[in-house]
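# Architecture and fold: a report
Each chain, letter by letter, is given below.
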2 protein chains.
Amino acid sequence: MEIDEMESGVVNGSGGGGSFRRARCWELLCSAAGMLWGKVVGFARKLGRIARDDPRRVAHSIKVGLALTLVSVLYYVRPLFNNWGVSTMWAVLTVVVVMEYTVGGTLSKGLNRACGTLAAGFIAVGAHKVAYLCGDKAEPVLLAVFVFLLSSAATFSRFIPEVKARYDYGVTIFILTFSLVAVSSYRVDELIRLAHQRFSTIVVGVGTCLCTTVFVFPVWAGEDLHRLAIGNLNKLAEFFEGLESECFRENATFENLEAKPFLQVYKSVLNSKATEDSLCNFAKWEPCHGKFKFRHPWSQYQKLGALSRQCASSMEALASYVITLTRTEYPEARPELRSEVRTACRQMSLHSAKALRELSAAMRTMAVPPSPANAHMSAAAKAAKDLRDELEDADLAQAMHVAVVASLLSDLVTKAKQITESVGTLARLARFVKNNDHENNADDKDIAAIDAVS
Amino acid sequence: MEIDEMESGVVNGSGGGGSFRRARCWELLCSAAGMLWGKVVGFARKLGRIARDDPRRVAHSIKVGLALTLVSVLYYVRPLFNNWGVSTMWAVLTVVVVMEYTVGGTLSKGLNRACGTLAAGFIAVGAHKVAYLCGDKAEPVLLAVFVFLLSSAATFSRFIPEVKARYDYGVTIFILTFSLVAVSSYRVDELIRLAHQRFSTIVVGVGTCLCTTVFVFPVWAGEDLHRLAIGNLNKLAEFFEGLESECFRENATFENLEAKPFLQVYKSVLNSKATEDSLCNFAKWEPCHGKFKFRHPWSQYQKLGALSRQCASSMEALASYVITLTRTEYPEARPELRSEVRTACRQMSLHSAKALRELSAAMRTMAVPPSPANAHMSAAAKAAKDLRDELEDADLAQAMHVAVVASLLSDLVTKAKQITESVGTLARLARFVKNNDHENNADDKDIAAIDAVS
């Protein structure tokens, strides 16, 4: 080390102390550069992963660039520019705001924008004429009153669920256009020409967006919704398959069960509602495309999604029960009973999984679910019924239901306890005040009373 | 009837046939008007209900009107208008687009808009200078290339989850401003003055929004998030209370259980994720207010929400089990066992409900959860443990776990069956093709194979 330093000192032709300091600086710089480089590489990897996860995202980004470049060409073309003037920027603005990931999204926003502008333009011109008739003094006051009333009413209409779901953006644009036209009328005389310009530039912008979004790698919300439903079915099937292989097979060990992926797979199904609702909303705006005809029953996908989420809910309950079971001790039931129950459980899981896989395959090809799906489902139901009969024969049924309710309830108690702990953490982190005037004795009595009453 | 018609005929001084026709017309008109009136009344009632559900909605609508009227006053003030020219409309535009329901939402959008505009303005001016240096011919081409590259890159960055969550709007505004400034530079010479104007009008718009939203009936996202968490706790408590009174009390009849509200109450908890995420995102932008200090642990609310939803999931499983139970037959377990289990279940439900109510009360006053909450939770856990021991004594434990898993699984089979039916309905409504080349025999063999193997 020291020799190295001396050498570098000699080479640089300066004293040892200075070279040491310089070497340290260099080292620090190198490590900082290395860290920065590491961050850059990490970020690039992240971007790569996002792109690989769904290459359509790259296509979408390029499409937005393309649409914007196309619309900015308007500025080159002198005759067009002379005709529209500064209004050309509305076309650029429209492209940026309207261009959405899916065709349905773009169409919904584009139509909302066009209709909102048109309606607001007409009403604003009317309002302006009314205000003009009332004289010079009253005109600005009246227009301000109109702006206040209409924007308040329109804003309130956005709280109506149906409007919120489908026309939220249109109402925003309505308020926007109305205010702009009403306000600008104080100065600009050629009101109608302005409204006309604004509307035609918006139509050009929306048109550019639609052409780009429909003709260059289109992403259909309907297709994505369809794929989401298929994915959900596959995830549910995966849970059944995992259950079968990890819990009910002859040599199932229940070992390290918590880390198994099949016990996590249903979770994304539980959280699919928001995506599903927005895709369904957009899909309703889309024209027929591919295998999706006009008036495709999109709302049926929401019903299917709700059922899938209910199923995932039950899976969560079962998964958490299975995990607590293996965490404590695995019960050694009577061997003959255990083997019977296991066989029945295995059949239920396998048949359900097969049925769900058949359904997802049928959905993928958009074919009527083949009879085997129903046959598997019936076989699963039959296994369930047989098991129930079996358990009845085994003189267990009379206690079984009680036991199930009691077990589920004690599972709920565990969950409630976790909630208590979480609120405790929140109270600590947010420094909630300590409330000492609570009489503990009274509450002890309360607890004793509950225990006595029941 | 006839006399009436004749009379009206006489009064009108025309023939019976004409009066009859007129009377019919009148009737039709009346009924149409009545129907219209009914619709109007229904719509008005709906609006009234929306307003009553949350009176802050009315306040928000008025606030938007107020902010817009305030900003349109800018047009009256001649010195201001002369200085900014047409750019004043950016202030109006900003108010319409930035004004959100909550303070956090407005702040997040406003800051995003201001920062996006500022960053894009600087870069656009730089790009313009670079393009200018490359000569007259290359300038428009280079600018178009810049627009394409930057808008594509910015659009892709919106797919990064962190950007999507907090800066989505800022990126949109970045693309918008960059394109506008870059494009307008073809014609307008005073580029920097334009960028400056645009930025200052946006600041005025954002300032107007913030003043209105903070000082006139402010709606804080943080407060709403806090209230949502409290509401969720109360709903979970309500389920436990309902369970206790309807299922485990001495005189519980299990009658008409499906219609009971407590079996529906947890459903809104299950769907609270989207609202919670957006409120949490907005709350992070808000300054300290009321009881919420700077750096309040907002993400803890998301953790609490996730636990609440898990609990609601388990409730769904229990609810669907209890309903199927009552639909088929209520098992007559051994009386002494039944009474013991019922007592234990009653204690678990009551204690959990009390604990959750204590927690929600503590959250409301922002006090550390009082010791009774923990005491109740411990009592519930003790009841659960006692029950488990009890059942072990009753020589049931060995079969109980198996029975629980089997029951939950057969519940899952029921759910999977519903999914099958739902896909069938979808196939019918969407007219999926019938696929007859599937060999049914093979699948029968498949089913037989599963049954044989297990």
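Here the residue numbers are simple positions, counted from 1 along each chain's written sequence. Whichever chain is written first is A, and whichever ligand is written first is 1; the rest continue in order. Residue-level local features of this predicted model are given only where pLDDT is at least 70; pairs of side-chain atoms are given and counted only at 80 or more, and the full residue set underlies all totals for whole chains, interfaces and linings. Hydrogens and waters are ignored; side-chain quantities use all the structure's heavy atoms.

Chain A is annotated in an unreviewed UniProt entry as Aluminum-activated malate transporter 1 from Zea mays. Reading the Subcellular location (unreviewed entry) entry of the UniProt record for chain A gives the comment "Membrane". UniProt positions are given in the numbering used here, feature names are shortened, and annotations may be inferred rather than shown by experiment.

## Overview of the overall build of chain A
Helix numbering and strand numbering both begin at the N terminus, where a helix is a DSSP run of H or I of at least 4 residues and a strand a DSSP run of E of at least 2. When you go through chain A residue by residue, the secondary structure sums to 17 helices and 0 strands. Three labels apply to residues, based on accessible area from a 1.4 Å probe with only protein chains included: buried if under 20% of the type maximum, exposed if over 50%, partly exposed otherwise in between. For chain A, the residues scored as buried account for 51% of the 454 residues in total. Any two residues whose heavy atoms approach within 4.5 Å are treated as being in contact. Considering only contacts in chain A between residues 6 or more positions apart, those separated by 24 or more positions represent 73%. All accessible areas in this document rest on Shrake-Rupley with a 1.4 Å probe, and a residue is counted as covered only by the protein chains that are shown. With an accessible surface of roughly 21800 Å², chain A has 61% of that area assigned to carbon and sulfur atoms.

## A short note on the packing of aromatic side chains
Note on ring pairs: Phe, Tyr and Trp rings are taken, using the six-membered ring of Trp, and paired if centres are within 6.5 Å. Classes follow the plane angle, with under 30 degrees stacked, over 60 edge-to-face and the rest tilted. Applying the stated criterion across every chain, the model contains 18 aromatic pairs over all chains. Seen in terms of ring centroids, Phe239(A) and Tyr266(A) are 5.7 Å apart; in terms of plane orientation they differ by 85°. Their pairing is edge-to-face. Of the two residues, Phe239(A) sits in helix α10 (residues 221–248) while Tyr266(A) sits in the loop between α10 and α11 (267–270), which places them 27 residues apart along the sequence. The same class applies to Phe239(A) as to Tyr266(A), namely buried. Counting as a charge over the ring demands two things of the Lys NZ or Arg CZ atom: a distance within 6 Å of the ring centre and an angle within 35 degrees of the ring normal. Geometry around Trp285(A) places Arg166(A) over its ring, the cationic atom sitting 4.9 Å from the centre. Over the aromatic face of Tyr169(B) sits the side chain of Lys109(B), whose NZ or CZ is 4.8 Å from the ring centroid.

## With respect to the packing of helix α8 (residues 161–184) of chain A against helix α5 (residues 88–98) of chain B
Axis lines are fitted to C-alpha atoms, over the contacting stretch for helices. Their N-to-C directions set the angle, which ranges from 0 to 180 degrees. One can describe the packing of α8(A) onto α5(B) by two numbers: an axis separation of 10 Å at closest approach and a directional angle of 155°. The orientation of α8(A) relative to α5(B) falls into the category roughly antiparallel. Crossing of α8(A) over α5(B) shows right-handed handedness. Between α8(A) and α5(B), the residues in contact are Thr172(A), Ile175(A), Leu176(A), Ser179(A) and Leu180(A) and Met89(B), Val92(B), Leu93(B) and Val96(B), respectively. Residues belonging to the contact of α8(A) with α5(B) are distributed by class as follows: 7 nonpolar, 2 polar and no charged. Note on terminology: angles under 35 degrees are roughly parallel, angles over 145 are roughly antiparallel, angles of 65 to 115 are roughly perpendicular, and the others are oblique. Two helices that cross are described as forming a left-handed crossing if the nearer one is turned anticlockwise from the farther one by less than a right angle, and a right-handed crossing if clockwise. In the scheme used here, Gly and all other residues not listed as nonpolar or charged are polar, with Ala, Val, Leu, Ile, Met, Phe, Trp, Tyr, Cys and Pro taken as nonpolar and Asp, Glu, Lys and Arg as charged.

## Section: the interface of chain B and chain A
Tallying the contact residues gives 158 residues for chain B and 158 residues for chain A. A pairing counts as a salt bridge when a side-chain nitrogen of Lys or Arg comes within 4 Å of a carboxyl oxygen of Asp or Glu. Across the pair Glu162(A) and Lys46(B) runs a salt bridge, and its minimum N-O distance is 2.9 Å. Distance and chemistry together define a polar contact, namely a pair of N or O atoms within 3.5 Å, with one atom able to donate a hydrogen and the other to accept it when in protein, and with adjacent residues in sequence counting only for side-chain atoms on both sides. Viewed at the interface, chain A and chain B are joined by 11 residue pairs in polar contact (both at pLDDT 80 or more). It is helix α16 (residues 397–429) of chain B that provides the largest number of residues to the side of chain B that touches chain A, a total of 29 residues. Among the residues forming the side of chain B that touches chain A, the class breakdown is 98 nonpolar, 39 polar and 21 charged.

## A look at the UniProt feature "transmembrane region" (unreviewed entry) in chain A
All names here are of chain A. As annotated in UniProt, the feature "transmembrane region" (unreviewed entry) corresponds to residues 58–77, 83–103, 115–135, 141–160, 167–187 and 199–221 in the numbering used here. Structurally, residues 115–135 comprises 90% helix and 0% strand, and the distance from its first C-alpha atom to its last is 31 Å. Regarding residues 199–221, the helix share stands at 78% and the strand share at 0%, and the terminal C-alpha atoms are separated by 27 Å.

## Topic: the nonpolar core
By size, the foremost hydrophobic cluster in this structure holds 132 residues, and its most contacted members are Phe239(A), Met363(A), Ile419(A), Phe239(B), Met363(B) and Ile419(B). Those residues in contact with Ile419(A) that lie beyond four places of it in its chain are Leu233(B), Leu236(B), Leu304(B), Leu307(B), Ser308(B), Cys311(B), Leu356(B) and Leu359(B). The definition of a nonpolar core used throughout is a set of buried Ala, Val, Leu, Ile, Met, Phe, Trp, Tyr and Cys residues joined through side-chain atoms within 4.5 Å. Within the second largest apolar cluster, 86 residues are counted, among which are Ala91(A), Ala154(A), Tyr169(A) and Val92(B).

## Describing the relation of the copies chain B and chain A
For these two chains of identical sequence, chain B goes onto chain A by a turn of 180° and a shift of 0.0 Å along the axis, with RMSD 0.1 Å. Taken together, these values place the two copies in the relation of a two-fold axis. A high fraction, 100%, of the interface residues of chain B reappear at the interface in chain A, so the copies pair face to face through one surface. Residues below a pLDDT of 70 in either copy are left out; the C-alpha atoms of the rest, at least 70 in both, set the least-squares superposition of the copies.

## Considerations on the pattern of salt bridges
Residue and element names in this part refer to chain B. All told, the structure shown has 28 salt bridges over all chains when counted by the stated rule. Its salt-bridge partner being Arg 56, residue Asp 224 comes within 2.9 Å of it at the nearest N-O pair. In this pair, Asp 224 sits in helix α10 (residues 221–248) while Arg 56 sits in helix α3 (residues 56–72), placing the two residues 168 residues apart along the sequence. In this structure, Lys 109 and Glu 100 form a salt bridge, with 3.4 Å as the shortest nitrogen-oxygen distance. Exposure remark for Glu 100: the relative accessible area of 22% places this residue in the partly exposed category.

## So, the confidence of the model for chain A
Residues and elements named next belong to chain A. Per-residue confidence from the predictor is given as pLDDT, running between 0 and 100. The pLDDT averaged across chain A works out to 81; a share of 81% of its residues lies at or above 70. Mean pLDDT across the elements of chain A bottoms out in helix α1 (residues 2–12) (41) and peaks in helix α12 (residues 273–283) (92). Taken as a whole, residues 1–14 scores under 50 in pLDDT and shows 8 contacts with residues more than four places along the chain or in a different chain. Scored as a complex, the prediction yields pTM 0.82 and ipTM 0.82.

## Quick word on unusual backbone geometry
One non-glycine residue, Phe217(A), lies in positive phi territory at about 40°. Here Phe217(A) shows up in the loop between α9 (191–215) and α10. Despite not being glycine, Met366(B) shows a phi value in the positive range, around 55°. Note on placement: Met366(B) falls in the loop between α14 (335–365) and α15 (371–393). Taking relative accessible area as the criterion, Met366(B) reaches 7% and is therefore assigned buried.

## A closer look at α3(B)
In an α-helix, one full turn covers 3.6 residues, which means residues spaced three or four apart are oriented alike. To estimate how far a helix should reach, multiply one less than its number of residues by 1.5 Å. Here α3(B) contains 17 residues, and its C-alpha end-to-end distance of 24 Å stays within 8% of the 24 Å for a straight helix at 1.5 Å per residue. By the burial criterion, the buried members of α3(B) are Ala59(B), His60(B), Ser61(B), Lys63(B), Val64(B), Gly65(B), Ala67(B), Leu68(B), Thr69(B), Val71(B) and Ser72(B). Residues of α3(B) that are buried in the fold lie against α7 (138–157) and α8 of chain A together with α5 and α9 (191–215) of chain B.

## A word on the packing of α8(A) against α9(A)
When two helices pack together, you describe them by how their axes are tilted relative to each other and by the distance separating the axes. Residues and elements named next belong to chain A. In contact at an axis separation of 10 Å, α8 and α9 are set at 150° when each is read in the N-to-C sense. One finds that α8 runs roughly antiparallel with respect to α9. Two packed elements cross with a definite hand, and for α8 against α9 that hand is right-handed. Contact residues: α8 offers Leu 176, Thr 177, Val 181 and Ser 184, while α9 offers Leu 191, Leu 194 and Arg 198. Taken together, the residues that form the contact of α8 with α9 break down as 4 nonpolar, 2 polar and 1 charged.

## Considerations on the environment of Leu150(B)
Residue and element names in this part refer to chain B. In this structure, Leu 150 sits in helix α7 (residues 138–157). Since its relative accessible area comes to 24%, Leu 150 is described here as partly exposed. On a C-alpha basis, the gap between Leu 150 and His 376 in space is 59 Å, while along the polypeptide they are 226 residues apart. With sequence-adjacent residues up to four places away left out, Leu 150 is seen in contact with Ile 123, Phe 174 and Phe 178.

## Some words on a nonpolar patch on the surface
Residues and elements named next belong to chain A. Candidate patch residues must exceed 30% relative accessible area and have no salt bridge, after which like charges are joined if within 9 Å and Val, Leu, Ile, Met, Phe, Trp or Tyr side chains if within 5 Å. A contiguous nonpolar patch, built from Leu 36, Trp 37 and Val 40 and spanning about 360 Å² of accessible area, is present on the exposed surface. Looking at where Trp 37 falls in the secondary structure, it is placed in helix α2 (residues 16–53). Since its relative accessible area comes to 59%, Trp 37 is described here as exposed.

## Some thoughts on the domain arrangement of chain A
Residue and element names in this part refer to chain A. What marks off one domain from the next here is an automatic or database domain assignment. Examined at the domain level, chain A breaks down into domain 1 (58–215) and domain 2 (221–430). Contact residues are listed per partner, giving 11 residues for domain 1 and 8 residues for domain 2. Here the quantity called buried area is the accessible surface, traced with a 1.4 Å probe, that two parts lose on coming together, added over both. Summed over both partners, the interface of domain 1 with domain 2 buries about 830 Å², with 65% contributed by carbon and sulfur atoms. The largest contributions to the domain 1 side of the interface with domain 2 come from Thr 102, Gly 104 and Arg 166, which together make up 47% of the buried area. Counting across the interface, domain 1 meets domain 2 through 0 salt bridges. At the boundary of domain 1 and domain 2, one finds 2 residue pairs in polar contact (both at pLDDT 80 or more). Taken together, the elements giving at least two residues each to the side of domain 1 that touches domain 2 come down to α6 (103–133) and α8.

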